[in-house]
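Overview (structure and organization)
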Amino acid sequence: MRNLVRAIRIGIKDLWLHGLRSFLTVLGVVFGVFSVVTMLAVGEGASAQALERIRRLGSNNIMLTAKKAVEDETQGQARRMAVYGLTYDDATRLRECFPTVRRIVPAKIVRKEARVGERSLEVRVVGTTPEWFELVPRRMLAGRELTDADLARHATVCVLTEAGARKLLATERSVGSFVRVAGVSFEVVGIIESEVGKVEGMAMPDQEVDAYIPMTVCRDRFGDISQRRVSGSFERENVELHQVIVEVDDTADVEPTAGAITAMLQRFHKREDYKVDVPLTLLREAEATKRTFNIVLGSIAGISLLVGGIGIMNIMLASVTERTREIGIRRAIGAKKRQIIGQFLIESVVLSFVGGIVGLLLGIALPAAIQYFSGMPTVVTPFSVLLALGISCTVGIVFGIYPARRAADLDPIVALRHE
């Protein structure tokens, strides 16, 4: 142990004597480690955000969404009323015909203007059941959720998202206030956290400005026929249910159940006026993409470490040439080959280790700065830290072996005569 410490001290002293050369050599490793950690942190942050959104949809859930059939889209204004989407019969079949289904949550969605005094805001009114808040879990900021009693009593109550509450109830007390939606007065009984962002290729069940009301009230007050503005004109549409969230008993049954539900919808719908999304499948695909993305980023950044390793080899070969006479003297007074190899390997590893530590510090600092100034999430994982340091030390050993062996193989007599 004492000999190892002495060898490290000698190696650091020799590198310090050639400070500028050592500094320039270390830069290759610094930027290699720095790029590995930073690129993986940025990639991990972006993918982690997307994965978290998918997880929040529930790995045991299947999302059914109404959509216009392709033929309806091409006909445009030729139809006086668009009739499409999921039906109450679909919800009944899902509840009664699939043993793997634990529960379903239907949702009817209409866009209406909400008013509080002089303030107005277009909100997405979601008529649903109390189970919605269990299958789409969001933090309750104030008040309570909808209840079975609200559903049974046809109570005109609503739960607002945080974004909607801030805009409509800016100067009012939140819970207990009244909001007029299309002429109907709703008591605000709760405020729920708003959902931001979206999942690529999938419709989110909730949006930033939502008002949740009992399904019975939505059917009573707004019916199945609504109108929306399309390309400057209003289009009427008849949609019974816009969304149905299906919860499956076991994760292993999710994808087979989704296939069976798709077959059922194909049988009872003449047109493909629905969409079936499986968050579990999206999660697996996203995780596979993330792994591929990390491999690509790590490979690109690893090239920088390779360049740094070549720099270390060059500097160590130059050091062997400069210290040929020193090597000859050490061999002449009894130094063994393994001691010469060890000395040069230690100097090579010290260079790569110092470069790795400096690169790691920069690689942690830059993602933190990116997150602070841009708001884009970054995640420095223990894996990326260990990977970067492990590769940097490995580079020092691998690229230091050849110069070390070359130094050890020098003939002592020839080395002593070297000028």
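Attention in this report is confined to the structure presented alongside it. Every value quoted in this text rests on a predicted model; they were computed, and no experiment measured them. (Residues numbered from 1 in each chain as written. Predicted model: local features only at pLDDT ≥ 70, side-chain atom pairs only at ≥ 80, totals over all residues. Heavy atoms only, no water.)

**Describing the overall build of the chain**
Of regular secondary structure, the chain possesses 14 helices and 13 strands. Put simply, the chain has 419 residues, and 44% of those count as buried. Within the chain, contacts between residues at least 6 apart in sequence are counted, and of these 79% link residues at least 24 apart. Accessible surface computed for the chain: about 21,600 Å², of which carbon and sulfur atoms make up 58%. (Helix = DSSP H or I, 4+ residues; strand = E, 2+ residues; numbered from the N terminus. Buried < 20%, exposed > 50% of the residue type's maximum accessible area, 1.4 Å probe, protein only. Contact = heavy atoms within 4.5 Å. Areas by Shrake-Rupley, 256 points an atom, 1.4 Å probe, with all protein chains shown as cover.)

**Quick notes on the nonpolar core**
Counting residues in each nonpolar core, the largest one holds 24 residues, and the members touching the most others are Val123, Leu160, Leu168, Leu169, Val179 and Ile213. Looking at this core, the elements that each hand over two or more residues are β3 (101–116), β4 (119–128), β6 (157–161), α7 (162–168), β7 (178–181), β8 (184–192), β9 (210–214) and α8 (215–222). The greatest single-element share of this core, amounting to four residues, is contributed by β8. Not counting chain neighbours up to four residues away, the residues in contact with leucine 168 comprise Ala114, Val116, Arg119, Ser120, Leu121, Val123 and Val179. (Core = buried A, V, L, I, M, F, W, Y, C linked by side-chain atoms within 4.5 Å.)

**Quick look at the environment of glycine 400**
Within the secondary structure, glycine 400 sits in helix α13 (residues 382–408). With 53 residues separating them in the primary sequence, glycine 400 and glutamate 347 have C-alpha atoms 8.4 Å apart. Beyond its immediate chain neighbours, meaning those up to four positions away, glycine 400 contacts Leu345, Ser348 and Val395.

**Notes on unusual backbone geometry**
Even without glycine at this site, histidine 154 takes up a positive phi of about 55°. Mapped onto the secondary structure, histidine 154 falls in the loop between α6 (148–153) and β6. By relative accessible area, histidine 154 is classed as partly exposed at 39%.

**A short note on the packing of aromatic side chains**
If you walk through the whole model with that rule in mind, you get three aromatic pairs. Here the aromatic rings of tryptophan 132 and tyrosine 212 are separated by 5.5 Å at their centres, their planes lie at 45°, and the arrangement is tilted. With tryptophan 132 in helix α5 (residues 132–135) and tyrosine 212 in strand β9, this residue pair connects regions lying 80 residues apart in the sequence. Between phenylalanine 133 and tyrosine 212, the ring centres sit 5.6 Å apart and the planes meet at 75°, which makes this aromatic pair edge-to-face. Of this pair, phenylalanine 133 sits in helix α5 while tyrosine 212 is found in strand β9, placing the two residues 79 residues apart along the sequence. You can call phenylalanine 133 buried: its relative accessible area is 5%. (Phe/Tyr/Trp six-rings, centres within 6.5 Å; stacked < 30°, edge-to-face > 60°.)

**A few points about a nonpolar patch on the surface**
A cluster of nonpolar side chains, namely Phe353, Val354, Ile357, Val358, Leu361 and Leu362, defines an oily patch on the protein surface of about 490 Å² accessible area. One can find phenylalanine 353 in helix α12 (residues 337–374). Judged by its relative accessible area of 41%, phenylalanine 353 falls in the partly exposed class. (Patch = residues over 30% accessible without salt bridge, like charges linked within 9 Å, V, L, I, M, F, W, Y side chains within 5 Å. Salt bridge = Lys/Arg side-chain N within 4 Å of Asp/Glu carboxyl O.)

**Examining the side chain of asparagine 60**
Assignment of secondary structure puts asparagine 60 in the loop between α2 (19–56) and β1 (61–66). Only 2.8 Å separates the side chain of asparagine 60 from the side chain of threonine 251, close enough to count as a polar contact. Among residues more than four places away in sequence, those in contact with asparagine 60 are Val246, Glu247, Val248, Asp249, Asp250, Thr251 and Val254. (Polar contact = N/O pair within 3.5 Å; in protein donor to acceptor, adjacent residues only side chain to side chain.)

**Digging into the packing of helix α4 (residues 88–97) against helix α9 (residues 254–268)**
Two elements in contact, α4 and α9, have axes separated by 11 Å at closest approach and are oriented at 145°. Crossing geometry of α4 relative to α9 is assigned as right-handed. From α4, Asp90, Arg93 and Leu94 reach across to α9, where they touch Ile261, Met264, Leu265 and Phe268. (Axes fitted to C-alpha atoms, helices over the stretch in contact; angles between N-to-C directions. Left-handed = near helix turned anticlockwise from the far one by under 90°.)

**Quick word on the pattern of salt bridges**
For the structure shown, the criterion picks out twelve salt bridges. Put simply, arginine 102 and glutamate 247 hold a salt bridge, and the shortest N to O gap is 3.3 Å. Linking arginine 102 in strand β3 with glutamate 247 in strand β12 (residues 243–248), this pair joins segments that are 145 residues apart in sequence. What makes glutamate 247 buried here is its relative accessible area of 10%. Among the salt bridges present, the one from aspartate 277 reaches lysine 275, with a minimum N-O distance of 3.9 Å.

**Quick look at the packing of α12 against α13**
It is the contact of α12 with α13, at a shortest axis distance of 7 Å, that shows an interaxial angle of 150°. Relative to α13, the element α12 lies roughly antiparallel. Seen from above, α12 lies across α13 with right-handed handedness. Contacts between α12 and α13 pair Lys337, Ile340, Ile341, Phe344, Leu345, Ser348, Val349, Ser352, Phe353, Gly356, Ile357 and Leu360 from the former with Val385, Leu389, Ser392, Cys393, Gly396, Ile397, Gly400, Ile401, Ala404, Arg405, Ala407 and Ala408 from the latter. Its residues assigned to classes, the contact of α12 with α13 shows 16 nonpolar, six polar and two charged. (Parallel < 35°, antiparallel > 145°, perpendicular 65-115°, else oblique. Nonpolar A, V, L, I, M, F, W, Y, C, P; charged D, E, K, R; others polar.)

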